[in-house]
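Single-letter residue listing:
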Amino acid sequence: MRADLHLHTTASDGMLTPAQLACKAAQEGFDWIAVTDHDSMAGVAQAQEAAEKLGLHVITGVELSCGAQKEIHILGYGFDPAHAALEQFCAHRRAQRIERVEEMVKRLCALGRPVSIERVRELADGVMGRPHVARALMEAGYVASMSEAFERYLKPGKPGYVPKEDVKVSEAVRLVREAGGVAVLAHPMELRMGETTLEPLVHEWKTQGLAGIEVYHPSAQNNHAYALERMARREGMLVTGGSDYHGEGAHRSGIGEGLDRWTTVQEDMVALAAAIRESRARATNRD
Ligand code: AMP
Ligand code: ZN
Ligand code: FE
Ligand code: FE
C-alpha cells in the first residue's frame, strides 16, 4: 500500500493541476493521497473527481501556516470542506498573503530588482506566495533558479522577506477539529529544534488537540525519522508521511519522495481513518 499525505497543486504553489496530480499519483501506484494546499481547499474536489475512476483515494487536506518569523505548519485532514469557519479563516489568510506579496515586491523594487505585481498575480492562479515571486524574479533574469531566489532574496533574514502574521498553533488545531478534521504537525525537522526542545512543545500542542506528527518527509533523514517516530509513539500520536511535492523541478520534486522508510503505512492509515471518524462524530454532535 502506498500513501503520500502532503501534496501541493496549482490551487496554491504546486505546478500540477489537482486532476494532473491525481492521474500521476494513480500511475505511480499510490492508493491514498491527500491534497494539502497552503490556506486553500480549492484543489481537493477536483482531485477527488479525477481520482474516482482511478482507484485512488483522495483525503481532504489543507496546510495552515502558524507562527511568524519561525513558521510552524499544521496539516488538516478529513474535515468537512464546506465548514464555514475554516474556509473563512483560509480566505482571510489568502487576503493577508496578497498584501504580504505586494510588500515583498515593493522591497525588491527598492533593491533594484523590480518585478511586476501583475505578473506575480498571473503566475499564482490560486494562493499567492513566495514561490510565485521567485518565478517572477527568474523570468526577469535576476536569478537562475528558484532556490537562488530564496537564498538571495526570499528566505528569512534576506532583504525581500516579509513574515506572515502570526497565528497560534492552538487556533489552527481548533479550527481543523471544529470542522471535523484531524490536525498533524507538518515536517517537524524544518523547525530546526533538537528533540529535547521539540517534545515538550509537541506535548503542549497535543493537549490543545494536535493528533499526529508528519514523521516521514524529505526533511527527516533516516535517524531523524526514527527519532520522530519514537516521539510520536511515546506521545500516543498518529504517524503520517508526505513528500511535500510541488511539481517536477520545483521544491520537493517527487510524489512519495522521502517516504521509503514509512513501512507502517497500512496501520497508520487505519489509525488516521479512525481518528477522522471520531473527529467527524464529535463535530457533528456539537452542531
Ligand atoms: P510562503 O507560503 O509564501 O512563505 O512560501 C513557502 C513555500 O515556498 C514553501 O511551501 C515552498 O513551496 C517554497 N519554498 C520554501 N523554501 C524554498 C526554497 N529554498 N526553494 C524553493 N522553494 C522554496
Ligand atoms: Zn508550498
Ligand atoms: Fe510546509
Ligand atoms: Fe507543504
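The model shown is predicted, which means the values in this text are computed figures rather than measured ones. (Residues numbered from 1 in each chain as written. Chains lettered and ligands numbered in written order. Predicted model: local features only at pLDDT ≥ 70, side-chain atom pairs only at ≥ 80, totals over all residues. Heavy atoms only, no water.)

A.B. asks: Could you clarify how one ought to interpret the sheet that holds strand 5 (residues 182-185) in this entry?
C.D. replies: Strand-to-strand pairing in sheets goes through backbone hydrogen bonds, with the strands running parallel or antiparallel. Strand order in this open sheet of seven strands is 1-2-3-4-5-6-7, and the pairing throughout is mixed. For this open sheet the edge positions go to strand 1 (3-7) and strand 7 (238-241), each flanked by a neighbour on one side alone. If you compare each strand with its neighbour and ignore which way they point, the axes differ by 30° on average. Relative to strand 6 (residues 212-216), strand 5 runs parallel, the two being bridged by two bridges. Residue pairing for strand 6: Leu185 is matched across the bridge by Ile213. (Pairing = 2+ DSSP bridges. Helix = DSSP H or I, 4+ residues; strand = E, 2+ residues; numbered from the N terminus. Axes fitted to C-alpha atoms, helices over the stretch in contact; angles between N-to-C directions.)

A.B. asks: How should I be thinking about the coordination of the iron ion (ligand 4) in this particular structure?
C.D. replies: For a metal with four tetrahedral donors the ideal donor-metal-donor angle is 109.5 degrees, while six octahedral donors give ideal angles of 90 or 180 degrees. Distances from the iron ion (ligand 4) to its protein donors, namely His6 (NE2), His8 (NE2), Glu63 (OE) and Asp244 (OD), fall within the range 2.1 to 2.2 Å. Its four donor atoms give the iron ion (ligand 4) angles of 76 to 165° at the centre, a pattern that matches the irregular case. Every donor residue of the iron ion (ligand 4) comes from the same chain, spaced as H-x1-H-x54-E-x180-D. A separation of 4.6 Å is found between the iron ion (ligand 4) and the zinc ion (ligand 2). With His6 in strand 1 and Asp244 in the loop between strand 7 and helix 10 (265-286), this pair connects stretches of sequence that are 238 residues apart. For the pair His6 and Asp244, a shared accessibility class is recorded, and that class is buried. (Donors = N, O, S within 2.8 Å, 3.2 Å for Na, K, Ca; no water. Tetrahedral: all angles 85-135°; square planar, octahedral: opposite > 155°, others 65-115°. Buried < 20%, exposed > 50% of the residue type's maximum accessible area, 1.4 Å probe, protein only.)

A.B. asks: Just checking my understanding: could you explain the packing of aromatic side chains for this structure?
C.D. replies: Centre-to-centre distance and the angle between the planes together describe a pair of aromatic rings. According to the stated counting rule, one finds one aromatic pair in the structure shown. A centroid spacing of 6.1 Å and a plane angle of 15° characterise the contact between Tyr216 and Trp262, whose relative ring orientation is stacked. Highlighted residues: Tyr216 in strand 6 and Trp262 in the loop between strand 7 and helix 10, separated in sequence by 46 residues. Accessibility assignment for this pair places Tyr216 and Trp262 in one class, buried. (Phe/Tyr/Trp six-rings, centres within 6.5 Å; stacked < 30°, edge-to-face > 60°.)

A.B. asks: What should I look at first to understand the packing of helix 1 (residues 18-27) against helix 2 (residues 44-51) in this one?
C.D. replies: Each pair of packed helices can be described by the angle between their axes along with the distance between the axes. The contact between helix 1 and helix 2 brings their axes to 8 Å, and the two run at 40°. Judged by the angle between their axes, helix 1 and helix 2 are oblique. Regarding helix 1 and helix 2, the two cross each other, and that crossing is right-handed. Counting all contacts with helix 1, which are made through Pro18, Ala19 and Ala22, the residues of helix 2 involved are Gln46, Ala47, Ala50 and Ala51. Looking at the contact of helix 1 with helix 2, its residues break down into six nonpolar, one polar and no charged. (Parallel < 35°, antiparallel > 145°, perpendicular 65-115°, else oblique. Left-handed = near helix turned anticlockwise from the far one by under 90°. Contact = heavy atoms within 4.5 Å. Nonpolar A, V, L, I, M, F, W, Y, C, P; charged D, E, K, R; others polar.)

A.B. asks: Before we go on, may I ask you to explain the nonpolar core in this structure?
C.D. replies: Across soluble globular proteins, you tend to see nonpolar side chains buried next to one another. Ile74, Tyr77 and Leu272 are the most contacted members of the largest nonpolar core, which has 52 residues in total. Excluding residues within four positions of it along the chain, Ile74 makes contact with Val62, Glu63, Leu64, Cys66, Val169, Ala172, Val173, Ala183, Val184, Leu185 and Leu210. (Core = buried A, V, L, I, M, F, W, Y, C linked by side-chain atoms within 4.5 Å.)

A.B. asks: What is the right way to look at the packing of helix 8 (residues 195-207) against helix 9 (residues 222-234) in this model?
C.D. replies: At a minimum axis separation of 11 Å, helix 8 and helix 9 run at an interaxial angle of 30°. Considered as vectors, helix 8 and helix 9 are oriented roughly parallel to each other. At the point where helix 8 passes helix 9, the crossing takes the right-handed sense. Packed against helix 8, whose contacting residues are Glu195, Leu198, Glu199 and Val202, the element helix 9 presents Ala227, Leu228, Arg230, Met231 and Arg234 at the interface. Tallied by class, residues from the contact of helix 8 with helix 9 come to five nonpolar, no polar and four charged.

A.B. asks: Is there a simple way to think about the site of ligand 1 in this case?
C.D. replies: Within the structure, ligand 1 sits among 13 residues, and His38, Arg100, Arg130, Lys164 and His246 are positioned closest to it. Residue Arg100 places a side-chain N or O atom 2.9 Å away from an oxygen atom belonging to ligand 1. One of the backbone nitrogen or oxygen atoms of Arg130 is found 2.8 Å away from an oxygen atom of ligand 1. Taken by itself ligand 1 offers 510 Å² of open surface, and the protein chains cover 85% of this. Of the pockets mapped on this structure, ligand 1 occupies the largest pocket. Taken together, the elements giving at least two residues each to the shell around ligand 1 come down to helix 3 (84-110), helix 5 (130-139) and helix 6 (146-154). Considering only residue class, the shell around ligand 1 consists of two nonpolar, five polar and six charged. (Near = heavy atom within 4 Å. Polar contact = N/O pair within 3.5 Å; in protein donor to acceptor, adjacent residues only side chain to side chain. Areas by Shrake-Rupley, 256 points an atom, 1.4 Å probe, with all protein chains shown as cover. 1 Å grid on protein atoms, 1.4 Å probe; cavity = no way out; pocket = protein on both sides within 12 Å on 5 of 7 lines; lining within 4 Å. Sits in = over half its atoms within 2 Å of the grid points.)

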